[in-house]
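Listed below, chain by chain, are the residues.
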Amino acid sequence: MQIGVILGDVQGSVSPHDHLDGLLRQVEAAQRNGISHITMGQHFLYGDLRWLQPIPTLARVAAELDEHVTLATTVVQVPLYHPVMLAEDLATLDILTRGRLVVGAGAGYREDEFTALGVDFRQRFAMFEESLEIMRKMWTQDVVTHEGRFWSLTDGRTHIRPYQTPHPPIWIGAMKDHGVRRSARLGDGWPITPETRGPEMVRLLSLYEDERELVGRPQVRHPLRREIIPAATTEAAYERFETMAKQRLLAYANRQLATRSADELSREFREVARKETFIGTPDECVEQIAAMAAVVPIDPILVRAQWPDMSSDEVVAYLDDLGRDIVPAVADLTSVERVVRDPVEA
């Protein structure tokens, strides 16, 4: 079982100089502690928080990359780009990483971002599928012709092929049944959100695997976005997570992320944490990871080391805890290859 880190946002009051220094410290600490994936999501016009754009940021991180580490976008908002531009940007990034890139792709969920960029939010899923079709052509064909609903291209001569053949693996984000089926048909893994709890995870992964069988594609393991919060005692672990994340999760719940309830987070934070994180002593965290891996095909687990109100020293200390107590303890752990379809509480 591999552990990855997702690079997140910081307070807008943090200077660009300190932001970059903190990000590079986090990357160094992650690699030193055996982290296998460094990933980054995407937002636009994020108000009082700063979220660096993933493709140029990961290109900078690629210069620091150890051979055992993979970079990933988790996820880039595909409908907000012209597919030719996005295909070339991602192919370039794959070259800069020497083929250690995973393309995490999604349709987006914040309508205000689409409005600001002049893209019809209602058409995002159809645009996503057509864009992905064009990008695959861009990555595999010398000359591309496409006549579609949203984009047209005639005899486009491609000039940037990915380092990987035929192209990087594609993780396709989804939150609901139809999206999970889309991910199964078009991608190479479904990035499971932290709000997806045990029985619902089993149900959605069952849909995924059924769709894969229907279209004749092999089964895969999936990246799981879930926090790992170790501490000396169980109580200390809950206190640590509350200090790290509670206020920011409440803020996210009010940013059009319908899968989270701000009221539930406010009233029952520890119960939410119990259901949506691996939390407790190191042994308890490893036991929880092993229990889930015995039921669902997951790998890697993607954690967030840095929350907006944390100092760089706190981020590094957290990664050092993972590297000492969690990464080696799960290194020989392998998840099931297919979901166990009996409902569980995980």
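See the structure shown above.
To start, this report covers the structure provided alongside it. (Residues numbered from 1 in each chain as written. Predicted model: local features only at pLDDT ≥ 70, side-chain atom pairs only at ≥ 80, totals over all residues. Heavy atoms only, no water.)

Describing the overall build of the protein
Next, step 1: Secondary structure assignment for the protein yields twelve helices and 13 strands.
Next, step 2: Rg of the C-alpha trace for the protein: 20 Å, near the compact-globule value of 20 Å for 346 residues, within the 12% margin.
Next, step 3: Projected onto the principal axes, the alpha-carbon positions of the protein cover approximately 65 × 50 × 40 Å.
Next, step 4: For the protein, with 346 residues in total, the buried portion stands at 55%.
Next, step 5: For the protein, restricting intrachain contacts to residue pairs at least 6 apart in sequence, the fraction spanning at least 24 positions comes to 74%.
Next, step 6: If you sum the accessible surface of the protein, you get close to 14,800 Å²; carbon and sulfur atoms cover 51% of it. (Helix = DSSP H or I, 4+ residues; strand = E, 2+ residues; numbered from the N terminus. Rg over C-alpha atoms; globule rule 2.2 N^0.38 Å. Buried < 20%, exposed > 50% of the residue type's maximum accessible area, 1.4 Å probe, protein only. Contact = heavy atoms within 4.5 Å. Areas by Shrake-Rupley, 256 points an atom, 1.4 Å probe, with all protein chains shown as cover.)

A look at the pattern of salt bridges
Next, step 1: One pass over the full model with this rule turns up 31 salt bridges.
Next, step 2: Across the pair E227 and R225 runs a salt bridge whose closest N-O atoms are separated by 2.6 Å.
Next, step 3: Ionic pairing is found between R324 and D325, a salt bridge with its closest N-O pair at 3.0 Å.
Next, step 4: A single salt-bridge network, built from bridges that share partners, covers E209, D210, E213, R338 and R341. (Salt bridge = Lys/Arg side-chain N within 4 Å of Asp/Glu carboxyl O.)

A word on the nonpolar core
Side chains of a nonpolar character, in soluble globular proteins, are inclined to be buried together.
Next, step 1: Ranked by internal contacts, the top residues of the largest apolar core, which has 103 residues, are I3, I228, F241, V296, Y318 and L319.
Next, step 2: Top element by residues in this core is helix α8 (residues 234-253). It accounts for nine residues.
Next, step 3: Among residues more than four places away in sequence, those in contact with I3 are I35, S36, H37, I228, I301, V303, L322, V327 and V330. (Core = buried A, V, L, I, M, F, W, Y, C linked by side-chain atoms within 4.5 Å.)

Quick look at helix α1 (residues 16-32)
Next, step 1: In a regular helix each residue adds 1.5 Å, so 17 residues correspond to 24 Å; α1 covers 24 Å between its end C-alpha atoms and thus fits that length.
Next, step 2: Buried within α1 are the following residues: H19, G22, L23, L24, Q26, V27, A29, A30 and Q31.
Next, step 3: Contacts from the buried residues of α1 go to β1 (3-7), β2 (10-11), β3 (37-40), β4 (49-50), α2 (54-62) and α12 (312-330). (Expected span 1.5 Å × (residues − 1).)

Overview of the environment of I279
Next, step 1: Here I279 shows up in strand β12 (residues 277-280).
Next, step 2: Distance in space between the C-alpha atoms of I279 and T165 is 39 Å, their sequence separation being 114 residues.
Next, step 3: Excluding its chain neighbours within four sequence positions, the residues that come into contact with I279 are I229, A237, Y238, F241, A273, E284, C285 and Q288.

A few points about the sheet that holds strand β10 (residues 222-225)
Strand pairing in a sheet takes place through backbone hydrogen bonds and is either antiparallel or parallel in direction.
Next, step 1: The seven strands lie next to each other as β9-β6-β5-β3-β1-β13-β10, forming an open sheet whose pairing is parallel. Since the sheet does not close on itself, it has two edges, and those belong to β9 (170-172) and β10, each with one partner. Neighbour-to-neighbour, the strand axes of the sheet open up by a mean angle of 25°, direction not taken into account.
Next, step 2: Bridge count for β1 against β3 is four bridges, and the pairing is parallel. Paired with G4 across the strands is H37, a residue of β3. (Pairing = 2+ DSSP bridges. Axes fitted to C-alpha atoms, helices over the stretch in contact; angles between N-to-C directions.)

Thoughts on unusual backbone geometry
Next, step 1: A cis amide bond links T165 with the next residue in sequence, P166, at an omega value of 0°.
Next, step 2: Within the secondary structure layout, P166 lies in the loop between β8 (152-157) and β9.
Next, step 3: Going from D299 to P300, the amide bond is cis rather than trans, its omega being 5°.
Next, step 4: With a phi angle near 55°, R98 is a residue other than glycine that sits in the positive phi range.
Next, step 5: Considering the arrangement of structural elements, one finds R98 in the loop between α3 (83-96) and β6 (101-106).

Re the pairing of strand β5 (residues 70-77)
Next, step 1: For β5, a buried count of seven out of eight residues is recorded, marking the element as mostly surrounded by other parts of the structure.
Next, step 2: Strand direction decides the pairing type here: β3 and β5, joined by four bridges, are parallel. In the strand pairing of β5, I38 is matched with L71.
Next, step 3: Of the strand pairs in this sheet, β5 and β6 are connected by five bridges, and their pairing is parallel. Looking at the pairing, A72 lines up with V102 of β6.
Next, step 4: Crossover handedness for the path β5 to α3 to β6: right-handed. (Right-handed = clockwise from strand over helix to strand, strands pointing away.)

Looking at the packing of aromatic side chains
Next, step 1: Enumeration according to the criterion identifies five aromatic pairs in this entry.
Next, step 2: Geometrically, the ring pair formed by Y46 and W51 is edge-to-face, given 5.6 Å between the ring centres and 90° between the ring planes. Taken individually, Y46 and W51 each receive the classification buried, so the pair is uniform in this respect.
Next, step 3: In this structure an aromatic cluster arises from ring pairing among F241, F269 and W307.
Next, step 4: The ring of F121 carries R124 above its face, with NZ or CZ at 3.8 Å from the centroid.
Next, step 5: The residue whose ring lies beneath R226 is F278, and the NZ or CZ to ring-centre distance is 5.2 Å. (Phe/Tyr/Trp six-rings, centres within 6.5 Å; stacked < 30°, edge-to-face > 60°. Lys NZ or Arg CZ within 6 Å of the ring centre and 35° of its normal.)

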